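An overview of the molecular structure
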Amino acid sequence: MESSQDEICYGALLNAQAKPVGTNTVLSRLLTAVQSAASFASFSLQHTDGVFEVFSDQGVKFAVLDILTASKLQALSNVLDTRFEAVVETRTIIKRRSKSATPFKVSINIFGPGRVADEVSLSLSKVKAFLQHPQALDCDVDYRNPDMLAFPGMEIDMRDYIGMETSSWKADHLKRDIEDILGSLGHVTDSGDIGPIAGLKSTLKRHQEIGTQFILQRENPIFGKQLSSRLHQALGARCAEEMEMKVALGGLVADVMGLGKTLTILVSILRSTEKAVEFGHFNHPEQSVGVKTVPTKATLVVVPSAQILENWEAEIET
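Residues numbered from 1 in each chain as written. Predicted model: local features only at pLDDT ≥ 70, side-chain atom pairs only at ≥ 80, totals over all residues. Heavy atoms only, no water.

So, the overall build of the chain
The helix and strand inventory of the chain stands at eleven helices and seven strands. Looking at the chain as a whole, 33% of its 318 residues are labelled buried. Intrachain contacts of the chain at a sequence separation of at least 6 include 70% that bridge at least 24 residues. (Helix = DSSP H or I, 4+ residues; strand = E, 2+ residues; numbered from the N terminus. Buried < 20%, exposed > 50% of the residue type's maximum accessible area, 1.4 Å probe, protein only. Contact = heavy atoms within 4.5 Å.)

Comments concerning the nonpolar core
Counting residues in hydrophobic clusters, the biggest one holds 30 residues, and the most contacted among them are L45, L73, I108 and I110. Elements supplying a minimum of two residues to this core: β1 (7–20), β2 (40–48), β3 (51–55), β4 (61–65), α2 (67–74), β5 (83–89), β6 (104–113) and α4 (117–125). Per-element tally for this core: the top contributor is β1, with five residues. What I110 contacts, discounting residues up to four positions off in sequence, is I8, C9, Y10, G11, L13, L73, L76, R83, F84, L124 and L131. (Core = buried A, V, L, I, M, F, W, Y, C linked by side-chain atoms within 4.5 Å.)

Side note on the packing of helix α9 (residues 261–271) against helix α11 (residues 306–317)
Packing of α9 against α11 leaves a shortest axis separation of 10 Å and a crossing angle of 60°. In terms of orientation, α9 and α11 fall into the oblique class. As α9 runs across α11, the sense of the crossing is right-handed. Contacts between α9 and α11 involve T262, L263, I265 and L266 from the former and W312, E315 and I316 from the latter. (Axes fitted to C-alpha atoms, helices over the stretch in contact; angles between N-to-C directions. Parallel < 35°, antiparallel > 145°, perpendicular 65-115°, else oblique. Left-handed = near helix turned anticlockwise from the far one by under 90°.)

Digging into the side chain of S268
In this fold, S268 is placed in helix α9. Taking the relative accessible area as the measure of exposure, S268 reaches 5% and is therefore buried. Side-chain polar atoms of S268 contact the backbone oxygen of T264, separated by 2.9 Å. Apart from the residues lying within four places of it in its own chain, the contact partners of S268 are T212, I215 and L216. (Polar contact = N/O pair within 3.5 Å; in protein donor to acceptor, adjacent residues only side chain to side chain.)

Things to note about the packing of aromatic side chains
According to the stated counting rule, one finds two aromatic pairs in the structure shown. Ring geometry for F43 versus F62: centroids 5.0 Å apart, planes at 75°, classification edge-to-face. With a gap of 19 residues between them, F43 in strand β2 and F62 in strand β4 connect regions that are remote in the sequence. Here F43 matches F62 in class, with each residue buried. One cation-aromatic arrangement involves R83 over F111; the distance from NZ or CZ to the ring centre is 4.2 Å. (Phe/Tyr/Trp six-rings, centres within 6.5 Å; stacked < 30°, edge-to-face > 60°. Lys NZ or Arg CZ within 6 Å of the ring centre and 35° of its normal.)

Overview of the side chain of S123
In this fold, S123 is placed in helix α4. Excluding residues that lie within four positions of it along the chain, S123 makes contacts with A75, L76 and V79.

A look at the confidence of the model for the chain
Low-confidence regions, as indicated by low pLDDT, have predicted coordinates that should not be scrutinised in detail. On average, residues of the chain score 76 in pLDDT, and 67% of them reach the 70 mark or higher. By mean pLDDT, helix α1 (residues 28–35) is the weakest element of the chain at 47, and α4 is the strongest at 94. The low-confidence segment residues 25–31, where pLDDT is below 50, has 15 contacts with residues more than four positions distant or belonging to other chains. (pLDDT = per-residue confidence, 0-100.)

Digging into α9
Looking only at α9, the buried set comprises L263, T264, L266, V267 and S268. Taken together, the buried residues of α9 touch α6 (206–218) and α11.

Concerning unusual backbone geometry
We note that D81 has phi near 65°; this positive angle belongs to a residue other than glycine. As for its placement among the helices and strands, D81 is situated in the loop between α2 and β5. Even without glycine at this site, K128 takes up a positive phi of about 60°. Following the sequence through the fold, K128 ends up in the loop between α4 and β7 (142–143).

A look at the packing of α6 against α9
At a closest axis distance of 9 Å, the pairing of α6 and α9 adopts a crossing angle of 50°. Relative to α9, the element α6 lies oblique. Classified by chirality, the crossing of α9 by α6 is right-handed. Facing Q208, G211, T212, I215 and L216 of α6, the residues of α9 in contact are L263, T264, I265, V267, S268 and R271. Considering only residue class, the contact of α6 with α9 consists of five nonpolar, five polar and one charged. (Nonpolar A, V, L, I, M, F, W, Y, C, P; charged D, E, K, R; others polar.)

What follows is the structure, encoded as structure tokens:
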């Protein structure tokens, strides 16, 4: 968006909402921002009959602003030469392609001549709206917030404050990262048929093969290291250090009764026999004085009743 030479940014209205309209078009401006690893993208706002619409660089309308924010911007209708931009977190747009009708969060940057800055501030205050620091702003735009206290003769480079209001955004960003990581724990890398297994007489159903792959994946130390790496990236090394997965992870196979959980576990035991033998021959260090660990290739199965034990024995025999 081009701006006049004396145009400044007065600040931003935060926590606005925009509702998508029309087709879910992938916008070129957004793609450019993503490719350059930018966290935010900005789009023009146009005002028609009390409705503020969000447009792409190609002039395609793709969202409308919420009524409350629109009413605040409407208070500036009599202030000449003001304009608005919607600032959107790029990740918000990318992840919403499957939910195109859901409103998404935006902030509104307000621009205009420096000479009307106080008028902008006064008009917004009448509708109980106050300018905050922008989440993002083009580097060639001067930022002077009339709502920010400044004493006569005091020189302040307000661009240093850009992004200071994004703490809630960063918290949301971190929350989504953690949710993505936790969600990935249940994801199974489907490697197709698990192949022949020595000692197995039964034929596995597809869901049992996937269950076996899930168990073996969780027992793979590489999977734990990959998860640790993602935690380090999301939380930082200091926070994630105590959560580091240096060994394999546990898991739950929670299929409903009758889907063959017992067979799934037995197949997983057979499938990992070689690793169990390697573990049994591994020379473990002493854990404490006078106590030495005894490695074993056995798998411990704990059942709640003798009846369940009989079921396991029958499954093994067949």
